[in-house]
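# Architecture and fold: a report
Here's the letter readout for the chains.
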Amino acid sequence: MMTFCFAGIRNFSKLWKSNPYLGLSPGHSYLSLFFKDCYGVGNQQKWFSLKAVSAQNTKAGNLLIAKARYFRKGDEGSNKQVSSDSHLFAAGAAKKRSQMNPHKEDHALPPVRNTIQLPTKPLNSQEWDKLKEDFKGKTNFESWIILQMAHSHSSIDVAKSLLSWVAAKNNGIVGYDLLVRYLYLCIFHKQTSEVIDVYEIMKARYKRLEPEGYTLLIQGLIHSDRWKEALLLLEDIKKVMVPSRRNYNDCIEGALLHQDVNLAWNLYQELLDYDLIPTLKTLKTFFDFGKNIKDDQYSNKLLDILLYLRDNHLYPEESFAHSIKTWFESVPGEQWKGQFTTVKKSGHCLGCGKTIESNHLSPEEYEFLKGKIMRDVIDGGDQYKKTTPQELERFQNFVKCCPPFDIVIDGLNVAKTFPKARESQVLLNVVSQLAKQNLQLLVLGRKHMLTQHSKWRKDEMKKVQQQASCFFADNISEDDPFLLYATLHSGNHCRFITKDLMRDHKACLRDAKTQRLFFKWQQGHQLAITRRFEGSKLTFQHIPSYDTVVQTTGDSWHIPYDEDMVERYSYEVPTKWLCLHRKT
């Protein structure tokens, strides 16, 4: 059992001064733990094994197998604003749709109330004994209370009194998890000297730590005059695994805090060489450091970071966008001016009037994407689990015999747009409205839609077939591969209508470049119905004509960014922009 043994210690605060020998007993053992990442260190679960002192007290050992929880620095509240932008992929649009169309009631159990109140001042041994007696939970009290302390960011003195009590009643043995959580509190409260003391204890007793221990120590050391020892810990990690981007972020931050610019850039390059995606915090740190610095080499590296954001479709947070703006405006002699703005539906920046890059794919990009989708989604995907090669071939022959389509309609999906309306009537209304524009239409459906039913009337479906080409697949078939095939086969002008955001099919594409091209194509081609007016008049959400990526013309930059109070899903794009242009 892995523990820290503090023999004879009655006051835990004395530990930092006395630092008694904590030797490994001859009968030490290994303990493998399934330790869930906590304290904001990361979000992956990892196995690790540590050589440790044999436990003399099983209660202290039990602390090690208590489940750790992940504490976020701030909760994602339910009071976030939703952007008013109207296109399908606008940030906040999915959240707004979910609010307008609530799902079934959540029957989750209410959270269990705390049976005791966390102490606000240090307790003596008798007071801790009484608190444990009052605890009604089924989990280990010591593990539970230190978790709550970490979650509530309790004071260091209160946590020390807990560890002192645990050491006294367990023959000087304190579980490793208590020490790590204490380390977290030291870092949160910026108690650097305490971090150093914990570091000395761990360094004396263990040749290697688990990833969370390394991460917390690095995070704590970078703010001290011993910050370079964080680099030694980074090297220790590299002996057994690739360090996390969080590890690199902290080391880069430490290097810049202590004015070692070359080291910071070297660490950044090392991070990229590992194919890790730097955190936005890392990138922001470079911009914050570069304020008022006239250094062409440093400036060029910052511009490379902006191009990195473009190439990887990354969007800075609002505070990062402010840092970018501040840096541009601070560079001596450059005369940059920035403003926060939006882009018109026409694709023109509301701030400077320049045209934002089009999301229209070039002929080369279109053919590349078409080939990839045909291979990875149509031919190489999992569609045969829900259809047959024979049916897919029948559909391909059907499409070849038809003229190119202008709009492909996911019939069953569109028919369910208005739950209270008859499905065949909704589909007929959509088809009739589009047919008036002399468009070549294809409706994809399933065979059950042709059977008389309360939701499907034969006369209405006959009218649909009179105004559009129709293909009805077997009832078990998946519509999306057919929809993608027909749309791409018809050409770059063809658009499609469905509420499905195609996330599964995007995931089938095997490289990031193709996924980004698919999303760019999707934004420019997918139509969605918004609302129905009197007389069955339907309206569609506008399709953006511009590409939401970082872009530059040399004398201007346009950078889309995430607003602080808008919840954006991964398949959505920001609606706010930072416009930067050089004064003339």
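For the structure itself, look to the data block above.
Summary of the structure given here. (Residues numbered from 1 in each chain as written. Predicted model: local features only at pLDDT ≥ 70, side-chain atom pairs only at ≥ 80, totals over all residues. Heavy atoms only, no water.)

Let us now look at the environment of histidine 525. Within the secondary structure, histidine 525 sits in helix α23 (residues 512-525). Taking the relative accessible area as the measure of exposure, histidine 525 reaches 5% and is therefore buried. Between the C-alpha atom of histidine 525 and that of asparagine 359, which follows or precedes it by 166 residues, the distance is 9.8 Å. Residues within four places of histidine 525 in sequence aside, it is in contact with Asn492, Cys494, Arg495, Phe496 and Ile543. At 2.7 Å, the side chain of histidine 525 forms a polar contact with the backbone oxygen of tryptophan 521. (Helix = DSSP H or I, 4+ residues; strand = E, 2+ residues; numbered from the N terminus. Buried < 20%, exposed > 50% of the residue type's maximum accessible area, 1.4 Å probe, protein only. Contact = heavy atoms within 4.5 Å. Polar contact = N/O pair within 3.5 Å; in protein donor to acceptor, adjacent residues only side chain to side chain.)

On to the sheet that holds strand β9 (residues 495-497). Taking strand neighbours across the sheet as the criterion, the five strands line up as β8-β7-β6-β9-β10 in an open arrangement whose pairing is parallel. Where the open sheet ends on each side, the last strands, each with one partner, are β8 (469-473) and β10 (526-527). Bridge count between strand β7 (residues 441-446) and β8: five bridges; the pairing is parallel. The residue bridging glycine 445 from the neighbouring strand is phenylalanine 472, located in β8. In the packing of helix α19 (residues 423-435) onto the sheet, the strands contacted are β6 (407-410), β7 and β9, and the crossing angle to β7 comes to about 165°. (Pairing = 2+ DSSP bridges. Axes fitted to C-alpha atoms, helices over the stretch in contact; angles between N-to-C directions.)

Unlike most non-glycine residues, glutamine 335 shows phi in positive territory, near 60°. Assignment of secondary structure puts glutamine 335 in the loop between α15 (318-330) and β5 (336-341). Residue class for glutamine 335 comes out partly exposed when judged on its relative accessible area of 48%. Here the phi dihedral of asparagine 438 falls at roughly 55°; this positive angle occurs in a residue that is not glycine. Note on asparagine 438: relative accessible area 71%, which makes it exposed.

Below, the discussion takes up the sheet that holds strand β15 (residues 576-582). Sheets are built from strands paired through backbone hydrogen bonds, the pairs being either parallel or antiparallel. Spatially, four strands are ordered β5-β15-β14-β13 in an open sheet, and the strand pairing comes out antiparallel. Of all strands in the sheet, those with a lone pairing partner are β5 and β13 (551-552), marking the two edges. Bridge count between β13 and strand β14 (residues 556-561): two bridges; the pairing is antiparallel. Bridging across to β14, threonine 552 finds its partner in tryptophan 557. Packing against the sheet, α15 makes contact with β5, β14 and β15, and its axis sits at approximately 155° to β5.

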